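# Coordinates in review
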Amino acid sequence: YLVIKELEPSEQEVFICMSCLIKDMNSKNDAWRANSVRVMSRVLDPSMAAQIDRYLKVCIVDKHPFVASAALICGIHLLKSVPDVVRRWVNEIQEQANSPHAMVQFHALVLLYDLKKGDRLALHKVVTTFAKGTLKSPVAECLLIRYATHTLMADRDAAIEKTLMTYLDNCLRHKNEMVMYEAARSFCQLAVVDKDASGNMVFGWDITHATTVLQIFLTSPKPVVRYGAIKTLNMLAQTRPSMAARCNSDMEPLLSDSNRNIATLALTTLLKTGHESNVERLVKQITSFMSDISDAFKIEVVRAVKGLCMMYPAKHKMLMSFLSSNLREDGSADFKTDLVDALILIIGQVPAARESGLLHLCEFIEDCEYSNLCTRILGFLAEEVPSTGLPSKYVRFIYNRMILENAVVRAAAVDTLAKIAMKCPTLRRDVLILLQFGENDNDDEVRDRILLYSSVLRQCQEGKKEEANLGFQSLMSVDLPFSVDALYDGLLEHVQSEAKDQIFDVVNLPTAEAYKATAEAQAALVVDTKKKPGAPGAKAAPTPAAAQKEAQQAAANASAALTSALNEIMPGAGEVLGPLQHTCKPKALTESEAEYTVQVIKHMYKNHVVLEMYVSNTVEGIKLDTIEARLTGLGPCWSMKGASAITKLDYGEQASAYVVLEKRGSEETAGAVVGAFGCALHYVIKEDGDDLGYEDDYPIENVTITTGDYLFSRALQQGQFKSVWEQLSVQGEEVTQKLVLNYKTLEAAVEGVVATLNMVACDNTGQVEAGVRGHTLLLSGTFLGGNMCLVRALVGMDPNHGCVAKLSCRCKNQLVADIVAKALM
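Time to look at the overall build of the protein. A count of helical and extended segments in the protein gives 35 helices and 18 strands. Taking all 825 residues of the protein together, the buried fraction comes to 49%. If you take every contact in the protein between residues at least 6 apart in sequence, the share linking residues at least 24 apart comes to 64%. Entry remark: accessible area of the protein is about 40500 Å², with carbon and sulfur atoms responsible for 52%. Counting 84 positive and 99 negative side-chain charges, the protein places the averaged centre of each group 7 Å from the other.

Structure below.
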């Protein structure tokens, strides 16, 4: 049996194997019957499944539990290859779900769930039916608890929620501790999912009893029970620390547990739920057995310490000392990466920890065996060191990397020294001398970088030319004034044109933001054009490469199409409107299932806004002619300069109509004039066979122009936000605004702020860590006219005032900073 199961027989041998197995299935020896059924699922040809259908049905209801379980396991495997055959056994499977034998009942429940999971209502019926009854098998009971939990997490249906929550609550009082643990674990999982609830409530139920069960299990003599309880409480502490804190008194004895995994989980849980006064004692205890636990648990400890430092900044010295001491110990790349991530985050969030944290990182790269980590730290030092009190004390560590490491790290060290020299004029002469020692480096890349930076530094130092200083800053910047993709498209078009002998000019190339926005807008229009009822069949989904090529082609054509349309509306539109600043993402003005779907794409210019109304006709047998977008309620701040119409639109086609709006009084608002306009489509509708048709109007949602439309998200490199923020403190203006926001959770508030401002989150601040009371959101973007804006938003949940925020905006233009800071009001 084992040989046949493990060695897959060939097509010629399958028939012989099946004949032997069928013979054994009819044997009087139960062991032979059960094993032959189990092996059958491995070798069965799907085309021959119907021939043994009756044999397997008989085996499912066999009195011997080994045979019945084997037949059910066979059904679980065959469900993947011949589901139609297995569905015929539903009655027999349901009969065995009430079997007195534990494993038979367990396997029957597994197979029954797999059969019904494609039908939501049928699945709900199965789960609720068993929840109302009593299962004799503890293993099956645990499985049913998991199914009930999955059902509650996937779909909150009031019709079944009460039944399943009552069932889970009853399982907390089961006589089998495995079932009790599974029920308590399920309540904790639901607590993680139910973000709207607070305190001890989950889906409207008080789950204090669940934490009481886990608290009792913490004192169990069985290590596996203690481990399960503390692991579940650790999970709960990430989102509901106050609930897990009830068990702190029973978790503390586990710190001296002989099982180091249990002790580590107890410590990390206490770190998340404990008080500031206990921090030093807990960290001293974990230091004693860090060398005895696996890297997976070490990473958990590091993350807990990182969260603790964010919660209690006053303890940063002791916590950073713990992190740096572990950096010097042996460990995997993942462990060291988490340690570096923690130090970088603490340096960014706790100002008092900055210089000591930088020194810890400098000491680590002295003996770092991972090149990627070393180069990352060097890049971080390049941004942070120039703004410290004494930058020169860090130069030695960086120079050592330039002469002692491999080529990749040496090149990164050269870049770091050059960036420090750029931002610290007093160190330029010293850095120049250090770079000269590497001019004979054996690696071409390192040597070329040194020669380039040295040449520019000499001009800055000796010639003292202002042009050299400006050029050096541009040299060290990663930003280009145009899109590289647009450069590629432009060069390709240039070499294929008749003017290829002329010099190619990059002045007319769009910025990366404008090019990306145009590509996303066109790609979104392609994706959103879905098949409607009665519409022709859609094409097969393209491959990723084809989709990318299609999006690039659409983006390349978009600018030409827009220019052509504007020239028809306003001759010489290029001179009147000026260059395109950026394009906003498409916004739907109708339901996706409407007869005619409309999306608006806003093209932002300095003194004008062009509205592109993208219309799709999804009604079979109907043709639309002369489609115009008519706006109402423009008010004194807006005037219409012209519009274009769609000549005709047959069934299944899409086209765009354009409206050009001019802003009035934009000087007072830095060009950010907001508005909301009523909008309707006016057209001539014709049915098949009707050449005349009749005029009709189709009202759609209002078109709104907000402050966020004048902003375009512009991402900064990881760790670059802080240095740019400090530069703007000297060169720009800052405006601060305190707000009360209408959000129920911290996660929703962060998402809402990002969406409203239409900026991009920097340094991974777009994700809120579980269990925190407040969050710092760092945003960057470009305002109309090329004004770079940075925003630091402190968002928190206050028990008395709800969601509150303090938003600070820095920009070189005072008026722009004031407008962005008040965008959420």
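Spatially, four strands are ordered β9-β7-β11-β12 in an open sheet, and the strand pairing comes out antiparallel. One side of each edge strand has no neighbouring strand; the edge strands of this open sheet are β9 (646-649) and β12 (694-705). On average, each strand axis in the sheet is inclined to that of its neighbour by 30°, with strand direction left out of account. When strand β7 (residues 622-632) meets β9, the two strands line up antiparallel, connected through three bridges. Each residue of the ladder has a partner; that of D625, found in β9, is K648.

Further remarks concern the packing of aromatic side chains. Here the structure, examined in full by the defined rule, presents five aromatic pairs. Taking the centre distance of 5.3 Å and the plane angle of 80° together, the rings of Y596 and Y698 count as edge-to-face. Taken together, the positions of Y596 in strand β5 (residues 596-604) and Y698 in strand β12 put the pair 102 residues apart, joining distant regions of the chain. The residues Y596 and Y698 share a single accessibility class, namely buried. With centroids separated by 5.5 Å and ring planes inclined at 80°, the aromatic side chains of W638 and F677 adopt a geometry described as edge-to-face. Of this pair, W638 sits in strand β8 (residues 638-643) while F677 sits in strand β11 (residues 675-687), placing them 39 residues apart in sequence. When sorted by exposure, W638 lands in the same class as F677, which is buried. The aromatic ring of F397 is capped on one face by R396, whose charged end is 4.2 Å from the ring centroid.

Note that β11 and β12 share ten bridges and pair antiparallel. Looking at β12, one finds that Y683 is bridged to D696. Here β11 folds back onto β12 in antiparallel fashion, the turn holding six residues, of which G689 has a positive phi close to 90°.

Keep in mind that low pLDDT regions are not for reading the predicted coordinates in detail. Averaged over all residues, the pLDDT of the protein is 81; the fraction at 70 or higher stands at 91%. Predicted confidence in the protein is weakest over helix α28 (residues 466-476), with a mean pLDDT of 60, and strongest over strand β6 (residues 608-617), with 91. Ignoring residues within four places in sequence, the model shows residues 529-545, a span with pLDDT below 50, making 16 contacts including any to other chains.

In the Ramachandran plot, T626 falls in the positive-phi region, its phi being about 50° despite a non-glycine side chain. Its place among the elements puts T626 in strand β7. Its relative accessible area of 41% is what places T626 among the partly exposed residues. Of note in this structure, D763 is not a glycine but carries a positive phi near 55°. In this structure, D763 sits in the loop between β15 (760-761) and β16 (774-783).

All right, on to the state of the cysteines then. Going through the model one piece at a time under the given rule, you end up with zero disulfides. Between C142, a cysteine without a disulfide, and C171, which holds the nearest cysteine sulfur, the sulfur-to-sulfur distance is 8.4 Å. For C142, a relative accessible area of 9% translates into the label buried. We note that C809 lacks a disulfide partner, and the nearest cysteine sulfur, in C789, lies 4.7 Å from it. Overall, the relative accessible area of 0% leaves C809 in the buried class.

Moving on to helix α25 (residues 407-423). With 17 residues, α25 extends 25 Å between its outermost C-alpha atoms, agreeing within 8% with the 24 Å of an ideal straight helix rising 1.5 Å per residue. Counting buried positions along α25 gives 14 out of 17 residues, so the element sits mostly inside the fold.

It is worth spelling out helix α21 (residues 333-349) at this point. Compared with an ideal rise of 1.5 Å per residue, which puts 17 residues at 24 Å, α21 spans 24 Å between its outermost C-alpha atoms and is within 8% of the ideal. Buried residues of α21: F335, K336, D338, L339, V340, A342, L343, I344, I346 and I347, and no others.

This brings us to a nonpolar patch on the surface. On the surface, a nonpolar cluster with roughly 230 Å² of combined accessible area is contributed by M103, V139 and M178. Within the secondary structure layout, M178 lies in helix α12 (residues 177-193).

Within the secondary structure layout, R810 lies in strand β18 (residues 802-811). You can call R810 buried: its relative accessible area is 12%. In terms of polar contacts, R810 uses its side chain to reach the backbone carbonyl oxygen of W725, at 2.7 Å. A distance of 2.9 Å separates polar atoms of two side chains, one belonging to R810 and the other to E734.

Turning our eyes to something else, we now look at the pattern of salt bridges. In the structure shown here, the tally under the stated rule is 28 salt bridges. The partner of D818 in a salt bridge is K822, and the shortest N-O contact between them spans 3.5 Å. Residue D818 is classed as partly exposed on the basis of its relative accessible area of 25%. Within this structure, R354, E384, K722 and E726 form a network of salt bridges that share partners.

Take the packing of helix α9 (residues 120-132) against helix α11 (residues 158-171) next. Each pair of packed helices can be described by the angle between their axes along with the distance between the axes. Between α9 and α11, the shortest axis-to-axis distance is 10 Å and the interhelical angle comes to 40°. On the basis of the axis angle, α9 is oblique to α11. Seen along the crossing, α9 lies across α11 with a hand that is left-handed. Here H124, V127, T128, A131 and K132 of α9 lie close against α11, whose contacting residues are I160, T163, L164 and Y167. Looking at the contact of α9 with α11 residue by residue, the classes come out as five nonpolar, three polar and one charged.

Here we come to the nonpolar core. Ranked by internal contacts, the top residues of the largest apolar core, which has 163 residues, are L323, L381 and L435. Other than its neighbours up to four places away in sequence, L435 contacts M402, V414, L417, I450, Y453, S454 and L457. One finds V615, I622, A629 and V768 within the second-largest nonpolar core, a separate group that totals 66 residues.

The next subject is the packing of helix α3 (residues 30-43) against helix α5 (residues 65-81). The interhelical angle for the contact between α3 and α5, taken along N-to-C directions, is 5°, at an axis separation of 8 Å. The angle between the axes of α3 and α5 places the two elements in the roughly parallel class. For the pair formed by α3 and α5, the contact residues are D30, A31, R33, A34, N35, V37, R38 and S41 on the first element and F66, V67, A70, A71, C74, H77 and L78 on the second. Taken together, the residues of the contact of α3 with α5 sort by class into nine nonpolar, three polar and three charged.

Rules and cut-offs
Residue positions are given per chain, counting from 1 as you read along its sequence in written order. pLDDT decides what is reported in this predicted model: residues at 70 or higher carry local features, side-chain atom pairs at 80 or more are listed and counted, and totals for whole chains, interfaces and linings draw on all residues regardless. As a rule here, side-chain values come from all non-hydrogen atoms in the structure, and water together with hydrogens is ignored. Comment: elements are numbered from the N terminus, with helices defined as DSSP H or I runs of at least four residues and strands as E runs of at least two. Buried means the residue's accessible area, taken with a 1.4 Å probe over protein chains only, is under 20% of the maximum for its type, while exposed means over 50%, and partly exposed covers the values in between. The contact definition used throughout considers only heavy atoms, calling two residues in contact when any of these lie within 4.5 Å. Surface exposure here means Shrake-Rupley accessible area, sampled with a 1.4 Å probe, where a residue is shielded only by the protein chains that are shown. His is not counted here, nor are the chain ends, while Lys and Arg score as positive and Asp and Glu score as negative. A single reference atom marks each charge: NZ on Lys, CZ on Arg, CG on Asp, CD on Glu. By definition, two strands form a pair when at least two bridges between them are found by DSSP. Only C-alpha atoms enter the line fits that serve as axes; for helices the fit covers just the stretch in contact. Angles between N-to-C directions range over 0 to 180 degrees. Only Phe, Tyr and Trp rings are paired, with Trp represented by its six-membered ring, and only when their centres lie within 6.5 Å; those with planes under 30 degrees apart are stacked, over 60 edge-to-face, the remainder tilted. Geometrically, a lysine NZ or arginine CZ counts as sitting over a ring once it is within 6 Å of the ring centre and also within 35 degrees of the ring normal. pLDDT expresses how confident the predictor is about each individual residue, on a scale running from 0 to 100. Sulfur atoms of two cysteines make up a disulfide when they are within 2.5 Å. A helix is expected to span 1.5 Å for every residue after the first. Distance thresholds for patches are 9 Å for like charges and 5 Å for nonpolar side chains (Val, Leu, Ile, Met, Phe, Trp, Tyr), applied to residues having over 30% relative accessible area and no salt bridge. Every case where a carboxyl oxygen of Asp or Glu lies within 4 Å of a side-chain nitrogen of Lys or Arg is listed as a salt bridge. Between N or O atoms, a polar contact is any pair within 3.5 Å; within protein, one atom must be a potential hydrogen donor and the other a potential acceptor, and residues adjacent in sequence are included only when both atoms are from side chains. An angle below 35 degrees is treated as roughly parallel, one above 145 as roughly antiparallel, one from 65 to 115 as roughly perpendicular, and anything else as oblique. Here is the rule for handedness: rotate from the far helix to the near one, and if that takes an anticlockwise turn smaller than a right angle the crossing is left-handed, while a clockwise turn gives right-handed. In this classification, Asp, Glu, Lys and Arg are treated as charged, Ala, Val, Leu, Ile, Met, Phe, Trp, Tyr, Cys and Pro as nonpolar, and every other residue, Gly included, as polar. Within this scheme, the nonpolar core is defined by two criteria: the residues are buried Ala, Val, Leu, Ile, Met, Phe, Trp, Tyr or Cys, and they are joined through side-chain atoms within 4.5 Å.

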